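# Structure assessment
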Amino acid sequence: MAANRGFTPVPWAAAGGDPPCHIVAAGGAAYGNLKARMEDIIKTEELGFDYIRRNENGEVECIVRAVDDVNISVKKGEFVVILGANGSGKSTLAKHLNALLKPTDGTVWVDGMDTAEDGLLWEVRRTAGMVFQNPDNQIIGQVVDEDVAFGPENLGVPGPELPGRVEESLKAVDIYGLKDSPTISLSGGQKQRVSIAGILAMHPTCIVLDEPTAMLDPAGRKEVMRALLALNDVEEITVIHITHNMDEAVNADRIIVMDHGKVALSGTPTQVFSRVEELLAYGLTVPDAVMLAYELRKAGIGIPEGIVTGPQLTEALINEYNH
Amino acid sequence: MKSIVLGQYYPADSLLHRLDPRVKLVSTFVYIISLFIVKDLPGYICVTVYLLAAVILSKVPPVKMLRGLSGIIFLMLITVIVNLFTIPGTPLLSFHGLHITVEGVYSAVRMMLRLVYLITGSSVMTFTTTPSALSDGLESLMKPLKIFRVPVHDIAMMISIALRFIPILSEETDIIIKAQKARCADFDSGNMVKRAKAFIPVLVPLFVSAFRRANDLATAMEARCYRGGDTRTRMKPLLYSGRDYLVYAADLALVTLCIMTRVML
């Protein structure tokens, strides 16, 4: 398409010296200052989407509102986690960010581009790369480096530039050593990192991951999460991570909780995890440390609010004991 | 099923691994034609030298290559037996009204060698070439067909995806068979029809899953901006180098020698 012909590689590490986000994101005031300097990479306005089921005659049988009136915006360099139970609309929302689905109502902007506009389709997909759940069903190449090169090859990146892109992408997720391995021989965590590298090679500004850890074992989960945090920290790539594993949300800059197609809660992990009852009502669990702190507080032990991780809880308990 | 090594790439760094896939495809084709041209000892020597050179240069352990032959042992046995007993000529042995002739022995040996050479020769290619390089090579060789509106790129992409999913689907088949066995499915008794019917509960879930995988893969390809072959570039473009022309020369020499053994001797 026309948009592709004029493709110029965009340096993927964002220019400028923004400090890595989660250092500042925890405190509200500092976050506000930074906010002014960052621009929205993704913005949805009154986004709504209907799944329409038709019978054999093509008549509408039923309409399911999967996403309803969603207004979110994600800043450049943010690490956002979207949480939600099955059927909460989080995957449908994710597919809008990559223009795999087009909104029934409202608008989605990716880096200022309206995803409903056909001419911008490939540039939208390049800007917001997407990693899916099943590691086997998204690897196209037989060998790791061939798979990583698939995206940039589709973009028409000149051949001599490709090996460099593959190398930097594989190094960014720490699997350059597997460059020549057959993809079939990799572990789940390694496969997902190959998929992430395949997106990175397209030099995106933002990566959307739709439950990338759901089919992995705990070790694979850790590998993928470490890679994602490093990418966000070092390369300053915006990460939108969709999951229902609470422990993966603890390190986020911001958590968005979806329920029945709507945004139910939004805020920092500390803010979101302080609403334990609501989260449970949305069919979610909370991290063990949060749950324990909540129960202890309910039992009358003086634990302060806002505890998210195990070490924080330990510290609070020691303080309480010393008093 | 598992013993068929076709499409099993063996990673190594050898001259054959570095050859252009087009050269390997053409060479395999020339080699197979030569196999069918040769008839007697001098010809077989030519082909053997060519094959041995290829096997040695490929750095693939010969044991690995021979393992591929186990898949055709039955076929070889039939070929040998039929040839031994049906070719008329000077009798060598005879019992119970069956005659083994000298010509029959020659013919049996020839046919067996031919089969062994055929499988070994083509597995040299598949051992040293990644399936995606193979489909790239095919795509490039078939390019002239574009004039006749043959969707060359799409076919090559389909082949390489199919090859990638063979091991995944075969693993999945094993899982489904085990799952059905756990539900008391019986695959091992009864006549052919009954056994074939027993496989329906395996095939149905396998098909459903294959379609789901295809759908997922198509979405993933779209998300990575795949839109057909026209605007694509290549990380490893196919370029001929000196060694490729050398191998083409060797192919030409082989086929000429083989024809000469037929014509001159």
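Residue indices follow the written sequence of each chain, beginning from 1 at its first position. Chains and ligands are labelled by the order in which they are written, letters from A for the one and numbers from 1 for the other. Totals for whole chains, interfaces and linings use every residue, but because this is a predicted model, local features are given only for residues with pLDDT of at least 70 and side-chain atom pairs only at 80 or more, for both listing and counting. Note that water and hydrogens are dropped before the side-chain values are worked out from all heavy atoms of the structure.

Turning to the side chain of Ser181(A), a few remarks are in order. All names here are of chain A. Helix and strand definitions here come from DSSP, where helices need a minimum of 4 consecutive H or I residues and strands a minimum of 2 consecutive E residues; each element is numbered from the N-terminal end. With respect to the helices and strands, Ser181 occurs in the loop between α7 (162-172) and α8 (188-200). Look at Ser181 and you get buried, because its relative accessible area is 16%. By definition in these notes, contact holds between two residues if any of their heavy atoms fall within 4.5 Å. Setting aside chain neighbours within four positions, we find Ser181 in contact with Gln142, Val143, Val144 and Leu186. Partly exposed residues are those whose accessible area sits between 20% and 50% of the maximum for their type, while under 20% is buried and over 50% is exposed, using a 1.4 Å probe and protein chains only.

A few words on unusual backbone geometry. Located in the positive-phi region is His260(A), a residue other than glycine, with phi close to 50°. Summarising the element assignment, His260(A) is placed in the loop between β10 (254-259) and β11 (262-267). His260(A) gets classed as exposed once you look at its relative accessible area, which sits at 64%. The phi dihedral of Cys225(B) falls on the positive side, at around 65°, and the residue is not glycine. Tracing the backbone through its elements, the reader meets Cys225(B) in the loop between α10 (200-223) and α11 (242-264).

Turning to the interface of chain A and chain B, a few remarks are in order. Listed as interface residues are 42 residues of chain A and, on the opposing side, 28 residues of chain B. Here a salt bridge means any side-chain nitrogen of Lys or Arg lying within 4 Å of a carboxyl oxygen belonging to Asp or Glu. Taken together, chain A and chain B are joined by three salt bridges. Residues Arg224(B) and Asp147(A) are paired through a salt bridge, measuring 3.5 Å at the closest nitrogen-oxygen approach. For the purposes of these results, a polar contact is taken to be a pair of N or O atoms within 3.5 Å, where, inside protein, one atom must be able to donate a hydrogen and its partner to accept one; residues adjacent in sequence count only when each atom of the pair is a side-chain atom. The interface formed by chain A and chain B holds 15 residue pairs in polar contact (both at pLDDT 80 or more) in total. Those elements giving two or more residues to the side of chain A that touches chain B turn out to be α1 (2-5), α5 (121-127), α6 (144-155), α7 and α8 of chain A. In terms of residue count, α6(A) provides more of the side of chain A that touches chain B than any other element does, eleven residues in total. For the side of chain A that touches chain B, the residue count by class is 21 nonpolar, 13 polar and eight charged. Each residue gets one of three labels, nonpolar for Ala, Val, Leu, Ile, Met, Phe, Trp, Tyr, Cys and Pro, charged for Asp, Glu, Lys and Arg, and polar for the others, Gly among them.

Next up on the list: the environment of Ser123(B). Relative to the elements of secondary structure, Ser123(B) occurs in helix α6 (residues 102-128). The spacing of Ser123(B) and Leu169(B) is 46 residues in sequence and 22 Å in space, taken between C-alpha atoms.

It is worth spelling out the confidence of the model for chain B at this point. Caution is warranted with low-pLDDT regions, since their predicted coordinates should not be read in detail. Residues and elements named next belong to chain B. Confidence per residue, as judged by the predictor, is encoded in pLDDT with a range of 0 to 100. Summing up the model confidence of chain B, the mean pLDDT is 86 and the portion of residues at 70 or higher is 97%. When mean pLDDT is compared element by element in chain B, helix α2 (residues 21-37) scores highest at 93, while strand β1 (residues 91-95) scores lowest at 77. Low pLDDT, under 50, characterises residues 1-6; the predicted model gives this stretch eleven contacts beyond four residues in sequence or across chains. For this predicted complex, the interface score ipTM comes out at 0.78, alongside a pTM of 0.75.

Looking now at the packing of aromatic side chains. In this scheme Phe, Tyr and Trp rings, the latter by its six-membered ring, pair at centre separations within 6.5 Å, and the angle between planes marks the pair as stacked below 30 degrees, edge-to-face above 60, and tilted otherwise. For the structure shown, the criterion picks out eight aromatic pairs over all chains. When the ring of Phe150(A) is compared with that of Tyr226(B), the centres are 5.6 Å apart and the planes differ by 20°; the resulting orientation is stacked. Taken together, the positions of Phe150(A) in helix α6 and Tyr226(B) in the loop between α10 and α11 put the pair across two chains. When its relative accessible area of 3% is taken as the criterion, Phe150(A) is described as buried. Grouping aromatic residues by their ring pairs yields a cluster made of Tyr240(B), Tyr245(B) and Tyr248(B).

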